[in-house]
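# Structure assessment
These are the residues of each chain, in order.
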Amino acid sequence: MRVATTVADRITRIQPSPSTAAAARAKQLRAAGRDILDLTVGEPDVDTPDAVKQAAIDAILAGETKYTPVNGIPALRRAIADRYRRRYEIAYDDAEITVGGGAKQVIYLALTATVNAGSEVIVPAPYWVSYPDMVRANDGTPVIVECGEDHDFKLTPPALEAAITERTRWVILNAPGNPTGAAYTTDELRALASVLERRPEVLILVDEIYDEIWYDAEPLANLLTVAP
């Protein structure tokens, strides 16, 4: 008996990840003996710190191997709240923190919960390859805004203003950016906030997954502290 496999239309809108394809090719070349410097995926080339390994071992030995709350264990949520208080002087209640299995899952679920067919999501380019596909998978329309080298690969207030329509649901702001590493100054964030404050119906998704990879003497500016 032959069984036909039919996938949902939303699956056909998703393209294979270019960075994943490049990473697979890099592994093939390395296995063939080539000397490859792989810059495709954000995986450190250093070993997991011993303290982290030991904490995982201790948790297993203590029997902490069962289902956790979907939203993460209370101790983890407290640690996240403490980090934001320490790093940005921002206080969050426990109910304002959600935990997921990685940034991609959290962003995808945020879009699933808020994007309707025809909703637009502004994605500054260059961008992390998964943003547009996650929007399309949720029946939304990615609006790509080119941010050239003349603007240090950053979204400007005029470009943001021009991209917003009555269908705009989200603006994605990734900083430090993938793949450019571009980060916004306090003044630049304040200028973007002045545009968004006039459009309260537009949500802002701030992806700061690389905020620990920062070597400037000045601390990294954060939209939530600049324009709370």
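Please read these numbers as outputs of a predicted model, since none were measured by experiment. (Residues numbered from 1 in each chain as written. Predicted model: local features only at pLDDT ≥ 70, side-chain atom pairs only at ≥ 80, totals over all residues. Heavy atoms only, no water.)

### Quick notes on the pairing of strand E3 (residues 168-174)
Stated precisely, the cut-off is as follows: Buried means the residue's accessible area, taken with a 1.4 Å probe over protein chains only, is under 20% of the maximum for its type, while exposed means over 50%, and partly exposed covers the values in between. The helix count covers DSSP runs of H or I at least four residues long, the strand count covers runs of E at least two residues long, and both are numbered beginning at the N terminus. Strands qualify as paired when DSSP identifies two bridges or more between them. Here the term right-handed applies to a crossover when the path leading from its first strand over the helix to its second strand runs clockwise, the strands being oriented away from the viewer.
Within E3, six of the seven residues are buried, which leaves it mostly tucked inside the rest of the structure. When strand E1 (residues 120-125) meets E3, the two strands line up parallel, connected through three bridges. When the sheet's bridge partners are listed, Val 121 is paired in E3 with Trp 170. In this structure, E3 lies alongside strand E4 (residues 203-207), joined through five bridges in parallel fashion. Paired with Asn 174 across the two strands is Asp 207, which belongs to E4. Crossover handedness for the path E3 to helix H8 (residues 186-197) to E4: right-handed.

### Considerations on the nonpolar core
Grouped burial of nonpolar side chains is what soluble globular proteins tend to show. The cut-off we apply is this: Think of a nonpolar core as a cluster: buried Ala, Val, Leu, Ile, Met, Phe, Trp, Tyr and Cys residues, connected wherever their side-chain atoms sit within 4.5 Å. Two residues qualify as a contact provided that any one of their heavy atoms is within 4.5 Å of a heavy atom in the partner residue.
Membership of the largest hydrophobic core comes to 21 residues, with the highest contact counts inside it found for Ile 122, Leu 155, Leu 160, Val 171, Leu 173, Tyr 184 and Leu 189. Apart from residues no more than four positions distant in its own chain, Val 171 is found in contact with Ile 122, Leu 155, Leu 160, Leu 196, Val 202, Leu 203, Ile 204 and Leu 205. Within the second largest apolar cluster, 12 residues are counted, among which are Leu 111, Tyr 131, Val 135 and Trp 170.

### What to know about unusual backbone geometry
Generally, phi is negative for residues other than glycine and the peptide bonds are trans, each holding for most cases. With an omega dihedral of 5°, the bond running from Ala 125 to Pro 126 counts as a cis peptide bond. A cis amide bond links Ala 175 with the next residue in sequence, Pro 176, at an omega value of -10°. In this fold, Pro 176 is placed in the loop between E3 and H8. We note that Glu 89 has phi near 60°; this positive angle belongs to a residue other than glycine. With respect to the helices, strands and loops of the structure, Glu 89 is situated in the loop between helix H4 (74-88) and helix H5 (103-114). In this structure Glu 89 comes out as exposed when scored by relative accessible area, which is 73%.

### A short note on the side chain of Arg 77
Looking at where Arg 77 falls in the secondary structure, it is placed in helix H4. Note on Arg 77: relative accessible area 11%, which makes it buried. Excluding residues that lie within four positions of it along the chain, Arg 77 makes contacts with Asn 71, Gly 72, Asp 94, Ile 97 and Val 99.

### With respect to the sheet that holds strand E2 (residues 141-146)
Just so we agree on the cut-off: A fitted line through C-alpha atoms serves as each axis, taken over the contacting stretch for helices, and the angle formed by two N-to-C directions is quoted from 0 to 180°.
Ordered by their spatial adjacency, four strands build an open sheet running E2-E1-E3-E4, and the pairing between neighbours is parallel. Either end of the sheet is taken by a strand with one partner, and the two such strands are E2 and E4. Pairwise comparison of adjacent strand axes, ignoring direction, gives a mean angle of 25° for this sheet. Against the sheet, helix H6 (residues 130-137) contacts E1, E2, E3 and E4, and its axis sits at roughly 155° relative to E2.

### Considering the packing of aromatic side chains
As a reminder, the rule being used: Paired rings are identified among Phe, Tyr and Trp, the last through its six-membered ring, by centres lying within 6.5 Å, and are further divided according to the angle between planes into stacked (under 30 degrees), edge-to-face (over 60) and tilted (the rest). Lysine NZ or arginine CZ positioned within 6 Å of the ring centre and within 35 degrees of the ring normal marks a charge as sitting over the ring.
Applying the stated criterion to the full structure yields three aromatic pairs. With centroids separated by 5.6 Å and ring planes inclined at 85°, the aromatic side chains of Tyr 84 and Tyr 92 adopt a geometry described as edge-to-face. On the accessibility criterion, Tyr 92 (24% relative accessible area) is partly exposed. By the ring-pair criterion, three or more aromatic residues cluster together here, those being Tyr 84, Tyr 88 and Tyr 92. In this structure, Lys 154 packs its charged tip against the face of Tyr 184, placed 5.9 Å from the ring centre.

### With respect to the pattern of salt bridges
As a reminder of what qualifies: By salt bridge we mean one thing: a side-chain nitrogen of Lys or Arg within 4 Å of a carboxyl oxygen of Asp or Glu.
Evaluated as defined, the whole model comprises 15 salt bridges. Residue Arg 87 is joined to Asp 211 by a salt bridge in which the shortest nitrogen-to-oxygen separation is 3.4 Å. Placement of the pair is Arg 87 in helix H4 and Asp 211 in the loop between E4 and helix H9 (223-226), with a sequence separation of 124 residues. The class for Asp 211 is buried, based on a relative accessible area of 5%. Note that Glu 212 is salt-bridged to Arg 87, the shortest N-O span being 3.7 Å. Taken together, the residues Glu 212 in the loop between E4 and H9 and Arg 87 in helix H4 connect sequence positions 125 residues apart. Taking the relative accessible area as the measure of exposure, Arg 87 reaches 35% and is therefore partly exposed. Within the structure, one salt-bridge network assembled from shared partners comprises Arg 83, Arg 87, Asp 211 and Glu 212.

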